[in-house]
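Close look at the chain arrangement
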Amino acid sequence: MSWLQRLYQTYEQASQRDEDVQAQDTHALMPYYHVNQNVQIIVTINDKGDFVSAEVCRDDNGKVKSHQLVIPATNESANRTSGAVAHPLSDKLQYVGKDLFEYSENKKDLYPLYEEVLSTWCDSPYAHPKAQAVLNYVNKGTLVKDLIDADVLIVDPGDTSKLAYPEQASDYPDSILSSLNKNKGVFDQGSAFIAWRVTPTGLGDQQDNWGKNETWRDESLFEAWQQFYATLDSVDGFCYVTGKDSPLASKHPNRILRSATNAKLISANDLSSFTFLGRFTDNDKSIKAHGLQGANISAVVTEKAHSALSWLLTRQGKEDAGQAVVAWAISGKTTPQPVQDIIEDDSLDIEKVAQQVQSSKDNNINSFQRIEEDDDFDDDEEDDLVSQRDISDNQPVINNAPQPIEHSNNLGYTFASHLNNTMQGYRQRLDKHDQISIITLDSATPGRMAVTYYHESMPNDYIDALESWYSQFAWYATYKDAETQERKLTIKAPIPRQIAQVAYGARLSDALKKQVVSQVLPCIVEGEARRFPWQLVDFCIKRACNPLTLENWEWEQALSVACALFRGYYLRQSDDKKRSYTVALQTDYNSRDYLYGRLLAVAEDIESLALYIAGEKRSTTAQRYMQQFANRPFTTWRNIELALKPYENRLKSNRAGYLANMQDLLDQIMNGFDVADFSDDSALSGEFLLGYHSQKMQIKLDKQQAKKARKDKKLSENTNETA
């Protein structure tokens with residue numbers, strides 16, 4: 001009941017927003033008891049029911065195109081497929097055209113169904129003058145004739161007393177056929193949807209109070225239909241949401257999920273057969289007389305709540321394979337979504353940040369002096385090298401300068417500041433007393449849907465939980481720049497979809513996708529109170545240790561996600577088991593697993609550069625042995641080290657400076673080992689992936705620093721020579 005009440009409150013808040021605010025919203029809130037419908041013809045009549053004009057719907061360029069407009073609907077008509085059920089005001093020509101039977105080949109006259117529902121509305125205390133005008137006009141039985149005279153409908157060239165049923169729309173260019181679909185191989189003009197525009201004929205107060213001529217924009221018309229329809233097929237009773245006596249709901253809407261339009265959250269038609277009612281003795285007769293014995297909900301409440309839910313899912317939710325997740329504020333203000341990347345459009349460009357980090361210009365030049373002296377290729381050749389090789393193949397730059405560039409702390413601080421600024425923006429948009437709700441819906445069958453997760457929190461608690469997730473589970477990742485379409489490096493936390501793909505593969509079933517979302521979502525929205533499931537961490541680690549079975553981009557994603565989950569998992573453990581890892585390389589961390597990972601990254605980079613120079617394109621020894629290395633690091637490292645010798649010899653002649661730097665780095669890493677730990681051949685934990693990936697990224701960032709410093713120095717020298 002709580003989620004239903006929150007949705008009802010959301011509808012009330014959203015419907016009271018200013019018209020300007022609603023106009024700016026690309027997804028408008030639908031009035032309840034109404035649906036969106038593609039309309040092909042707009043007929044204009046006056047308030048006395050006289051025909052004025054008719055037109056085919058067109059876009060801004062004058063091309064024939066259907067318009068999606070709001071029309072009144074019953075529960076039956078809103079969900080009709082092929083059944084004969086009429087909408088109460090606007091509908092297809094075969095329903096609203098009394099004289100269509102005379103002009104067409106239709107064997108079934110559907111007009112009486114339309115006339116019945118419209119007449120019932122107009123005879124009620126909730127009648128509306130525009131609806132009455134439409135009824136007066138359609139009862140004249142001249143609609144089809146008027147549309148033919150207005151050149152909206154096409155008649156048969158051989159018999160002008162009949163409508164045409166063309167097989168090709170091209171036979172009648174710039175006609176209504178362009179916006180219709182074929183039915184049994186021909187275009188049936190009777191399927192064209194009609195909407196009404198009603199103009200006043202009087203002057204003075206009557207015209208001033210008339211409102212908007214378009215029936216799809218007249219709120220007074222919306223309210224008249226809502227008040228009338230709420231009284232149909234229902235009994236008065238106590239509503240447990242509003243606390244008032246109101247007409248109770250006998251049916252509940254569907255059309256909430258795009259992937260399962262017939263699925264209902266609340267079903268009230270299963271009172272017999274195998275249904276277990278517990279202590280309740282409800283039956284059709286008792287419900288019609290007194291309502292349900294359990295919690296009764298008014299018809300207006302359920303319609304508003306479902307309309308709000310559909311609006312929220314369309315506006316800001318995420319739906320996939322029959323499962324939908326949305327977080328919202330009752331006020332309707334923009335709310336960050338838990339299963340979507342909230343900083344995807346504002347990603348932290350680590351490469352740019354790294355280039356901005358310099359201790360001083362002089363130290364930078366000294367720091368890279370050795371590289372420039374030993375490299376025998378120019379900047380243009382190096383640019384080609386950077387553009388043609390992936391992240392794992394970038395030429396590293398490590399040196400023995402007394403003050404090497406260290407941007408680890410800066411990257412951590414920059415990311416924390418970036419994340420904090422992003423979250424602070426959401427905090428400022430939301431009132432601190434606003435209510436945040438998160439709901440997950442799952443459609444197991446075409447007709448049934450369930451709430452599988454629901455959580456409420458205050459805005460600050462919700463933002464704190466998201467900030468905890470995005471900081472504790474943050475790791476290096478790549479993203480596509482929206483402007484340049486280039487892959488760039490950033491720091492961010494994985495979203496459930498990525499976790500599912502890494503853990504179970506890209507071709508995972510819908511059931512597994514839903515399972516991962518149900519496991520990960522509470523960890524995101526409930527903060528540190530929820531520990532991450534180890535099974536997902538373990539699956540991702542195993543996938544990341546098998547680079548040869550994946551495409552390069554898949555392996556990069558698997559590596560990033562595995563490191564992020566391993567780091568976050570241990571950050572959320574109890575104090576005695578908690579481990580703190582930084583995203584940037586921890587050169588002073590001498591854990592056996594971490595150091596072994598760093599060794600593997602350096603060995604891989606040495607071989608990848610040697611292969612590039614030789615023009616060979618194949619996997620490195622480190623990549624081929626990665627899974628074996630994770631299981632038996634000591635014996636496998638010996639094999640990798642021996643396989644590395646030919647490549648080191650190849651680099652001595654033309655990359656001596658680079659090779660010396662990398663050998664120095666290997667020595668530094670080896671010196672961090674305890675002898676017993678190094679000779680221990682037991683399997684490595686996922687921690688070795690953190691050391692491996694952090695070392696790779698450090699090499700890449702150092703390389704970019706060196707490149708920028710060389711370019712700056714060269715530019716400075718050219719400027720001095722010119723001066």
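Now for a look at the structure at hand. (Residues numbered from 1 in each chain as written. Predicted model: local features only at pLDDT ≥ 70, side-chain atom pairs only at ≥ 80, totals over all residues. Heavy atoms only, no water.)

Looking only at helices and strands, the protein chain features 29 helices and 18 strands. Counting across all 723 residues of the protein chain, residues that qualify as buried make up 52%. Taking as baseline every contact in the protein chain between residues at least 6 positions apart, the subset at least 24 positions apart corresponds to 70%. (Helix = DSSP H or I, 4+ residues; strand = E, 2+ residues; numbered from the N terminus. Buried < 20%, exposed > 50% of the residue type's maximum accessible area, 1.4 Å probe, protein only. Contact = heavy atoms within 4.5 Å.)

Soluble globular proteins tend to bury their nonpolar side chains together. Residues W469, Y476, I499, F532, W637, F688 and L689 are the most contacted members of the largest nonpolar core, which totals 96 residues. Among the elements that make up this core, the one with the highest residue count is helix α23 (residues 592–613) (twelve residues). Among residues more than four places away in sequence, those in contact with F688 are C545, D593, Y594, G597, L600, M626, F629 and A630. Grouped together as the second largest cluster of nonpolar side chains are 82 residues, Y8, Y95, W196 and W328 included. (Core = buried A, V, L, I, M, F, W, Y, C linked by side-chain atoms within 4.5 Å.)

Among the secondary structure elements, E648 is positioned in helix α26 (residues 633–654). A relative accessible area of 7% means that E648 is categorised as buried. Non-local contacts of E648, meaning those with residues more than four positions away in its chain, are made with I606, L659 and Q663.

With that settled, the discussion passes to the sheet that holds strand β13 (residues 318–320). Strand order across the open sheet formed by four strands is β13-β14-β15-β16, with antiparallel pairing between neighbours. Edge positions in the sheet fall to β13 and β16 (448–457), since each of these pairs with one other strand and no more. Here the average twist between neighbouring strands, direction ignored, is 15°. Across three bridges, the pairing between β13 and strand β14 (residues 323–329) is antiparallel. (Pairing = 2+ DSSP bridges. Axes fitted to C-alpha atoms, helices over the stretch in contact; angles between N-to-C directions.)

For Q695, the location among the structural elements is in helix α29 (residues 687–722). The class of Q695 is buried, set by a relative accessible area of 1%. When near neighbours in sequence (up to four residues on either side) are disregarded, Q695 contacts L585, R598, A601, V602, L665 and I669.

Moving on, we come to the packing of helix α21 (residues 534–544) against helix α22 (residues 552–571). At a minimum axis distance of 8 Å, the contact between α21 and α22 shows a crossing angle of 145°. The two elements α21 and α22 meet at a crossing, and its hand is left-handed. Across the interface between the two elements, W534, L536, V537, C540, I541 and A544 of α21 pack against W555, A558, L559, V561, A562, L565, F566, Y569 and Y570 of α22. In terms of residue class, the contact of α21 with α22 is made up of 15 nonpolar, no polar and no charged. (Left-handed = near helix turned anticlockwise from the far one by under 90°. Nonpolar A, V, L, I, M, F, W, Y, C, P; charged D, E, K, R; others polar.)

End to end, helix α12 (residues 299–316) covers 26 Å across 18 residues, agreeing with the expected 26 Å (1.5 Å per residue, within 8%). Where burial is concerned, most of α12 is hidden: 14 out of the 18 residues are buried. (Expected span 1.5 Å × (residues − 1).)

Here the focus is the sheet that holds strand β5 (residues 91–92). Pairing is mixed in the open sheet, where four strands are placed in the order β3-β2-β10-β5. Pairing within the sheet leaves two strands with one partner each, and these edge strands are β3 (51–56) and β5. Two elements, strand β2 (residues 41–46) and strand β10 (residues 193–199), share six bridges in a ladder whose sense is parallel. Within β10, the position partnered with I45 by the bridge is V198. Running at roughly 115° to β10, helix α7 (residues 129–138) makes contact with β2, β3 and β10 of the sheet.

Time to look at the pattern of salt bridges. The tally for this structure, following the rule as stated, stands at 25 salt bridges. Residue R197 is joined to E55 by a salt bridge in which the shortest nitrogen-to-oxygen separation is 3.2 Å. With R197 in strand β10 and E55 in strand β3, this residue pair connects regions lying 142 residues apart in the sequence. Residue classification places R197 among the buried positions, given a relative accessible area of 17%. Linking K145 and D149 is a salt bridge whose minimum nitrogen-to-oxygen distance equals 3.1 Å. Taken together, the residues span about one helical turn, with K145 and D149 both in helix α8 (residues 143–149) at a distance of four residues. The structure contains a network of salt bridges with shared partners spanning E607, E616, R618 and R650. (Salt bridge = Lys/Arg side-chain N within 4 Å of Asp/Glu carboxyl O.)

The subject of this paragraph is the packing of aromatic side chains. Any pair of aromatic rings gets described here by the distance separating the centres and the angle formed by the planes. For the coordinates displayed, the defined rule picks out 30 aromatic pairs. Seen in terms of ring centroids, F51 and Y137 are 6.2 Å apart; in terms of plane orientation they differ by 25°. Their pairing is stacked. Here F51 is found in strand β3, whereas its partner Y137 is found in helix α7, with 86 residues between them in sequence. In this structure F51 comes out as partly exposed when scored by relative accessible area, which is 28%. Judged by its relative accessible area of 1%, Y137 is buried. (Phe/Tyr/Trp six-rings, centres within 6.5 Å; stacked < 30°, edge-to-face > 60°.)

Here the focus is α21. The complete set of buried residues in α21 reads L536, V537, C540, I541 and A544. The arc that holds every buried residue of α21, seen down its axis, measures 135°, which confines them to one face. Those residues of α21 that are buried are in contact with α19 (496–504), α20 (510–525), α22, α25 (626–631) and α29. (Arc of directions from axis to C-beta.)

Quick look at the pairing of strand β7 (residues 159–163) now. The side chains of a regular strand alternate between the sheet's two faces. Of the pairings in the sheet, the one linking strand β6 (residues 155–156) to β7 comprises two bridges and is antiparallel in character. Looking across to β7, one finds that D156 is bridged to D159.

Turning next to the packing of α23 against α26. The N-to-C vectors of α23 and α26 enclose an angle of 35°; their axes lie 9 Å apart at closest approach. Viewed along their axes, α23 and α26 form a crossing whose handedness is left-handed. Every residue of α26 that contacts α23 at R592, Y596, L599, L600, A603, I606, E607, L609, A610, L611 and I613 is listed here: P633, F634, W637, I640, L644, Y647, E648, R650, L651 and N654.

Note on placement: W121 falls in helix α6 (residues 111–122). Residue W121 is classed as buried on the basis of its relative accessible area of 0%. In this structure, W121 is in contact with P88, L89, Y126, A127, H128, A131, L221, A224, W225 and F228, ignoring residues within four places of it in sequence.

Not every positive phi belongs to a glycine, and Y33 is a case in point at roughly 60°. Its location among the elements puts Y33 in the loop between α2 (19–24) and β1 (34–39). The phi dihedral of K184 falls on the positive side, at around 60°, and the residue is not glycine. With a relative accessible area of 82%, K184 lands in the exposed category.

Attention now goes to the environment of Y454. Along the chain, Y454 turns up in strand β16. A relative accessible area of 23% means that Y454 is categorised as partly exposed. Placed 452 residues apart in sequence, Y454 and S2 show a C-alpha to C-alpha distance of 9.2 Å. Separated by 3.2 Å, the side chains of Y454 and S437 make a polar contact. A distance of 2.5 Å separates a polar atom in the side chain of Y454 from a polar atom in the side chain of E456. (Polar contact = N/O pair within 3.5 Å; in protein donor to acceptor, adjacent residues only side chain to side chain.)

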